[in-house]
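Single-letter residue listing:
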Amino acid sequence: MTGNIYHGQAGLPFSSALRIYEPLEAFPEKQQETLRAAGVGQASRAAVENAELLASLGRITRSDGDPFPTGRTDLVRVVPAPARRASSGSALDAAASGTGAAAPQAERLLYCPSQMVLRAGLAANALMEGIHGPLAQLLIPEEQRDKHQERIDEVRAHDGLSRVHTRASTWGIPFSWFCLFQESDPTDVVESEGHIVTVRIRAGIGKALERVSYAVAHLALAAPDLDMLEDLTQLTEWLELFHPDSAVELDYGGVADKVYPDDSPLDVRLGIECLAEGDMTGAAAAYRRLASRWVPIRQLARAS
């Protein structure tokens, strides 16, 4: 993606995302054809990101005052599934047939629908229930909220899908998200015009669940009162909703240009290991490294 808007120079907050990509068979039959078509006609990833951003800007400038997505179109992100190792049986079959090698298989794709209608409804509800609820009621009239609930009901009736594939965070990345990834995971660094546009790290959902389970087990013993433990528990419950062949992606968004190269996954892991071993000095050092990296980013939310 190019352009200054994405880099936060138009007053937009840095936004990061945690996404789940599932194989086609994980979706209801009604939705599979739509997703398959998206995979065939997939535009560049930059075009998808730009289209989503422009759509969000368009919604807040509507003359009718309705800030919600209509659901007429829903963007889909598509990535190739991790390569599967051929079984020994496949290799023997190929050798026995005289071909010398197994026949190449078609690329297997994973899909992450944007689900903007569902996500906008959840975001509005969270806003109403938060400390800014009275202000939110003025900004989003009840009439518009009721209208959007009808869209949500239509989407659920059509797709038959209630799990949300994307979690978003502004002005920083929750430390709990870093527990899902390690430095060895596939990482894409996207650059443009001398800036890092974003960084994307991807891991299989099985590995991600192993890592978060490890973190939960150690924190439950060493620091049961830590807020991060509750975050990790909720994260685990969310991951368990998805197909076992799924992939998890952390998309840094524009904040990558401020923090990358980033050792946060390593620092979070070291901090948890130190807590488990009773090494409070090591745990404090890991937290200081994280704080020095992310507190300045979070302070930008209050900057004028």
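Residues numbered from 1 in each chain as written. Predicted model: local features only at pLDDT ≥ 70, side-chain atom pairs only at ≥ 80, totals over all residues. Heavy atoms only, no water.

Re the overall build of the protein
Counting secondary structure elements, the protein contains twelve helices and seven strands. Counting over 304 residues, the protein shows a buried share of 41%. By sequence separation, contacts in the protein at least 24 residues apart represent 82% of the contacts at least 6 residues apart. Summed over its atoms, the accessible surface of the protein is roughly 16800 Å², and 53% of this surface lies on carbon and sulfur atoms. (Helix = DSSP H or I, 4+ residues; strand = E, 2+ residues; numbered from the N terminus. Buried < 20%, exposed > 50% of the residue type's maximum accessible area, 1.4 Å probe, protein only. Contact = heavy atoms within 4.5 Å. Areas by Shrake-Rupley, 256 points an atom, 1.4 Å probe, with all protein chains shown as cover.)

Things to note about the confidence of the model for the protein
For the protein, per-residue confidence averages 82 on the pLDDT scale, and 71% of positions sit at 70 or higher. Note that residues 86-97 has pLDDT below 50 and, in this model, four contacts with residues that lie over four places away or in other chains. (pLDDT = per-residue confidence, 0-100.)

Details of the packing of helix H8 (residues 205-222) against helix H11 (residues 264-276)
In contact at an axis separation of 9 Å, H8 and H11 are set at 40° when each is read in the N-to-C sense. One finds that H8 runs oblique with respect to H11. As H8 runs across H11, the sense of the crossing is left-handed. Here Tyr214, Ala215, His218, Leu219 and Ala222 of H8 come into contact with H11, specifically with Ile272, Glu273, Leu275 and Ala276. A class-by-class count of the residues in the contact of H8 with H11 yields seven nonpolar, one polar and one charged. (Axes fitted to C-alpha atoms, helices over the stretch in contact; angles between N-to-C directions. Parallel < 35°, antiparallel > 145°, perpendicular 65-115°, else oblique. Left-handed = near helix turned anticlockwise from the far one by under 90°. Nonpolar A, V, L, I, M, F, W, Y, C, P; charged D, E, K, R; others polar.)

Remarks on the nonpolar core
Counting residues in hydrophobic clusters, the biggest one holds 41 residues, and the most contacted among them are Leu18, Leu180, Leu239, Val248, Tyr252 and Trp294. If we skip the residues at most four places from it in the chain, Leu18 touches His165, Thr166, Arg167, Trp177, Leu180, Phe181, Leu235, Trp238, Val248, Glu249 and Leu250. Ala26, Val76, Val78 and Tyr111 belong to the second largest nonpolar core, which has seven residues in total. (Core = buried A, V, L, I, M, F, W, Y, C linked by side-chain atoms within 4.5 Å.)

A short note on unusual backbone geometry
Going from Tyr260 to Pro261, the amide bond is cis rather than trans, its omega being 5°. Looking at where Pro261 falls in the secondary structure, it is placed in the loop between helix H10 (256-259) and H11. Its identity is not glycine, yet Trp171 carries a phi of approximately 55°, on the positive side. Phi is positive for Glu193, close to 55°, though the residue is something other than glycine. With respect to the element layout, Glu193 can be found in the loop between strand S5 (187-192) and strand S6 (195-204).

So, the packing of H11 against helix H12 (residues 280-299)
In a pair of packed helices, the angle between the axes and the distance between the axes together describe the arrangement. Between H11 and H12, the least distance of the axes is 8 Å, while the angle of their chain directions is 155°. Taken as axis vectors, H11 and H12 run roughly antiparallel relative to one another. The handedness of the crossing between H11 and H12 comes out as left-handed. The segment H11 lies against H12, with Ser264, Asp267, Val268, Leu270, Gly271, Cys274 and Leu275 engaging Met280, Gly282, Ala283, Ala286, Arg289, Leu290, Arg293 and Trp294.

Quick notes on the pattern of salt bridges
The full count for this structure, using the stated rule, is 21 salt bridges. One salt bridge connects Arg19 with Glu49, and the closest N-O pair in it is separated by 3.9 Å. You can see Arg19 sitting in strand S1 (residues 15-23) and its partner Glu49 sitting in helix H2 (residues 45-59), a full 30 residues away along the chain. Of the two residues, Arg19 and Glu49, neither departs from the other in class, the shared state being buried. One salt bridge in this structure joins Arg45 and Asp251, with 3.7 Å as the shortest N-O distance. In this pair, Arg45 sits in helix H2 while Asp251 sits in strand S7 (residues 247-251), placing the two residues 206 residues apart along the sequence. Assessed through its relative accessible area of 18%, Arg45 is described here as buried. One salt-bridge network, in which partners are shared between bridges, spans Arg19, Arg45, Glu49, Glu52, Arg77, Asp188, Arg200, Arg202, Glu249 and Asp251. (Salt bridge = Lys/Arg side-chain N within 4 Å of Asp/Glu carboxyl O.)

Considering the packing of aromatic side chains
As enumerated under the stated definition, the model contains five aromatic pairs in all. The interplanar angle of 80° and the centroid separation of 5.6 Å between the aromatic rings of Phe14 and Trp171 together place this pair among those described as edge-to-face. Remark: Trp171 occurs in the loop between strand S4 (166-170) and helix H7 (175-178) and Phe14 occurs in the segment before S1; sequence separation between them is 157 residues. The class for Phe14 is buried, based on a relative accessible area of 8%. Look at Trp171 and you get partly exposed, because its relative accessible area is 21%. (Phe/Tyr/Trp six-rings, centres within 6.5 Å; stacked < 30°, edge-to-face > 60°.)

With respect to the pairing of S5
Pairing between S5 and S6: six bridges, direction antiparallel. Paired with Asp188 across the bridge in S6 is Arg200. Counting the residues that bridge the hairpin from S5 to S6 gives two residues, and of these Glu193 lies at a positive phi of roughly 55°. (Pairing = 2+ DSSP bridges.)

A few points about the environment of Ile272
Along the chain, Ile272 falls in helix H11. With a relative accessible area of 5%, Ile272 lands in the buried category. Through-space distance from the C-alpha of Ile272 to that of Tyr214 is 9.4 Å; in sequence the pair is 58 residues apart. Those residues in contact with Ile272, other than ones at most four positions away along the chain, are Cys179, Ala215, His218, Leu219 and Met228.

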